[in-house]
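What follows is each chain in one-letter form.
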Amino acid sequence: MERVRVRFAPSPTGFAHIGNMRNAVFDWLLAKHAGGEFILRIEDTDRARYVEGALEEIFEALRWLETPYDEGPVQGGPFGPYFQSERLDIYAKYAKQLVEQGDAYYCFCTSERLAEMRKGQEARKEPTGYDRTCLKLSPEEVEANLAAGVPAVIRFKVPYKGETAFCDLVRGEITFRNELLDDFVIIKSDGYPTYHFASIVDDHLMQITHVIRSEEWISSTPKHMLMYAALGWNPPKWVHPPLILGQDGSKLSKRHGAVRFLDYKEKGYLPETMMNFIALLGWSPGEDRELFTTEELIERFSIDGIVNHPVKFDLSKLDWMNGVYMRQADLGRITELCLPYLTEAGLIPENPSPEELSYAKAVIALVQDRMKVLSEAPELTEFFFREDCRYDEKGMKKWLSRDYVLELLRNLAGRIEASAEFTIESLEEAVRMAGEDMDAHGGQVIHPVRMAVTCRTAGPGLFETMEVLGRARVIQRLNRAIGILSESRDD
RNA sequence: GGCGCCAUGGUCUAACGGUUAGGACACGGCUCUUUCAAGGCCGCGGCGGGGGUUCAACUCCCCCUGGCGCUACCA
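Note on numbering: residues in each chain are counted from 1, in written sequence order. Lettering for chains starts from A, numbering for ligands starts from 1, and both go in the order in which the items are written. Only residues with pLDDT of 70 or above have their local features reported here, since the model is predicted, and side-chain atom pairs are shown and tallied only from 80 upward, although totals for entire chains, interfaces and linings are computed over all residues. Each side-chain value is derived from all of the structure's non-hydrogen atoms; neither hydrogens nor water enter the calculation.

Asker: Can you lay out the protein's contact with RNA strand B for me, pointing to particular residues and giving the numbers?
Answerer: It suffices for a single heavy atom of a residue to lie within 4 Å of a molecule or strand for the residue to be listed as near it. Not every one of the 53 residues close to RNA strand B is listed here, only the nearest: Ser 11, Asp 46, Lys 188, Arg 370 and Gly 459. Here RNA strand B approaches the protein such that, of its atoms within 4 Å, sugar and phosphate make up 72%. A distance of 2.6 Å is found between a sugar or linking oxygen of RNA strand B and a side-chain nitrogen or oxygen belonging to Arg 49. Secondary structure counts use DSSP, requiring at least four H or I residues in a row for a helix and at least two E residues in a row for a strand, with both numbered from the N terminus. If you list the elements that add at least two residues to the surface near RNA strand B, you get β4 (153–156), β6 (172–177), β11 (311–312), α11 (315–328), α18 (443–454) and α19 (462–469). By the criterion applied in these results, polar contacts are pairs of N or O atoms within 3.5 Å in which, for protein atoms, one can donate a hydrogen and the other can accept it, and in which residues neighboring in sequence qualify only through two side-chain atoms.

What follows is the structure in structure tokens.
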């Protein structure tokens, strides 16, 4: 049994997106499951589309997901370099071999000519494809052009006869007629290889056993098969997981928003959520279950479970799942993760004191169960930090406008000030007693007090909230409300 | 247009010829409860259409329809 070697081969042409990372997760899970290697290879062959910072995104995304690679940039490995831009001589060597064998040839057609050719073909409703003009060039003409420095590409000479079949481990055998292919470029005029060529050369040299890449690559696989055959190499196993679709059913892309993988980190999703959720994006363990630890995913992952149809990205399910992991997570960790959001919102200072930290932790403890994502923290906890929180208008009208409320709050403030204790129990008792004095009960008491103390109608348990707020803040809030109410009564 | 892939509720998925078609999210209701969540319970809702094959089709085959992808000196 050969050792499983899989590679994640992103291009630094933009941010790492959900689709990339889904493939990375499949790669990683398969490698871990099989005890094989997970390799990172950077396919930086498109100099025009190179994006500054894209590389760092990829590294950061893998780091956040905790899917370390065994070989790749930075630490290297026995099959490096792992940047395709550093392997140009390798591609040149094999391209030359193909030319010498007669399986590839130089082409000097300008992009203008190519565009014109294509236009004509379209007008005549013919299939588009290179017309092999340069294949007719004599060796002398080719030499002369090359010597004169005429810009040239190298094209692979597709055998137009017959058909090419391959086995996709997700869908079974797939066959294409060769005549539908055209002589595609393998080396561009800038000397860089195209994806098609670089990837097959590297997959072979790096001894990749399984190529996992999205469904969109199925149509180009025959090209790859033809090149493997021309070079006398054994192709790897092809695995094409389904495309990930946006809510509108088209291929997930920038216009759908929220496809940048690290956006999910910034919005406050937990990495364990993303691992779990993404693993299920086109793969099913076949159980009536959807929550899995990473270890369980590794144990269960298999190519058999990869589904063969496109899947839509369901944000509401992601939210649900993150809520589940949020509730399970350690309070200290969640607090730590919430801090940047609280700081950003100006609720706590950049470098909080130990007291501020433990206050924050007590606050988060009350909302941890109610959070779907970390970024909700400021909104959920604002009133714990701001003395002058804004009263919810509807709630104000509903609960603070009643006649007995002013007296109720005065009564309660008095009781709390007078009491030596300040605990959940003593607070509950004080609120109940104040209510009894007003002949008000249950919600008639609780709601006005909640409004006065938190400025809003919903939140964690009232007595826990008051306890965390502390005596000073509670009194301050009560007095604030009392002030407003007595003023409006004077009017 | 050509080629290719695909098709179970709104969404994700189970079923690998014989099930009252199962589970999850979402949605609706009830419940718990000081509110909001969470939880528990209940419910809504599906095999795209047509032909075959078979004693028996969601499952196998064909056609149609529909969706998506590819069709670059981008990946």
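Asker: Give a description of the domain arrangement of chain A that names residues and reports values.
Answerer: Boundaries between domains were set according to an automatic or database domain assignment. Entries for chain A in the domain assignment read domain 1 (87–239), domain 2 (254–329), domain 3 (330–381) and domain 4 (387–490). For domain 2 versus domain 4, the separation of C-alpha centres amounts to 43 Å.

Asker: Before we move on, can you summarise the packing of helix α15 (residues 393–400) against α18 with the specific residues and values?
Answerer: Two numbers describe how α15 lies on α18: the axes approach to 9 Å, and their chain directions differ by 140°. Accordingly, the angle class assigned to the pair α15 and α18 is oblique. Between α15 and α18 lies a crossing of left-handed hand. Contacts from Gly 395, Met 396, Trp 399 and Leu 400 of α15 reach α18 at Gly 443, His 447, Pro 448, Met 451 and Ala 452. Every angle, taken between N-to-C directions, lies between 0 and 180 degrees, and every axis is a line fitted to C-alpha atoms, over only the stretch in contact when it is a helix. With respect to orientation, any angle under 35 degrees is reported as roughly parallel, any angle over 145 as roughly antiparallel, any angle of 65 to 115 as roughly perpendicular, and every other angle as oblique. Handedness of a helix crossing follows the sense of rotation of the near helix relative to the far helix, less than a right angle counterclockwise being left-handed and clockwise being right-handed. Note on contacts: a residue pair is in contact if any heavy atoms of the two residues lie within 4.5 Å.

Asker: Could you give an account of the state of the cysteines, naming the residues involved and the relevant values?
Answerer: We call a pair of cysteine sulfur atoms a disulfide whenever their separation is within 2.5 Å. Scanning the model with the defined rule gives 1 disulfide in all. Here Cys 389 is linked by a disulfide to Cys 455, with a sulfur-sulfur distance of 2.2 Å. Negative torsions about the S-S bond denote left-handed disulfides, and the value of about 60° found for Cys 389 with Cys 455 makes this one right-handed. With a gap of 66 residues between them, Cys 389 in the loop between α14 (377–385) and α15 and Cys 455 in the loop between α18 and α19 connect regions that are remote in the sequence. No difference in accessibility class separates Cys 389 from Cys 455, as the two residues are buried. The structure places no disulfide on Cys 338, whose sulfur is separated from the nearest cysteine sulfur, that of Cys 389, by 19 Å. Categorising residues by exposure relies on relative accessible area from a 1.4 Å probe, with only protein chains included: less than 20% of the type maximum marks a residue as buried, more than 50% marks it as exposed, and the intermediate range marks it as partly exposed.

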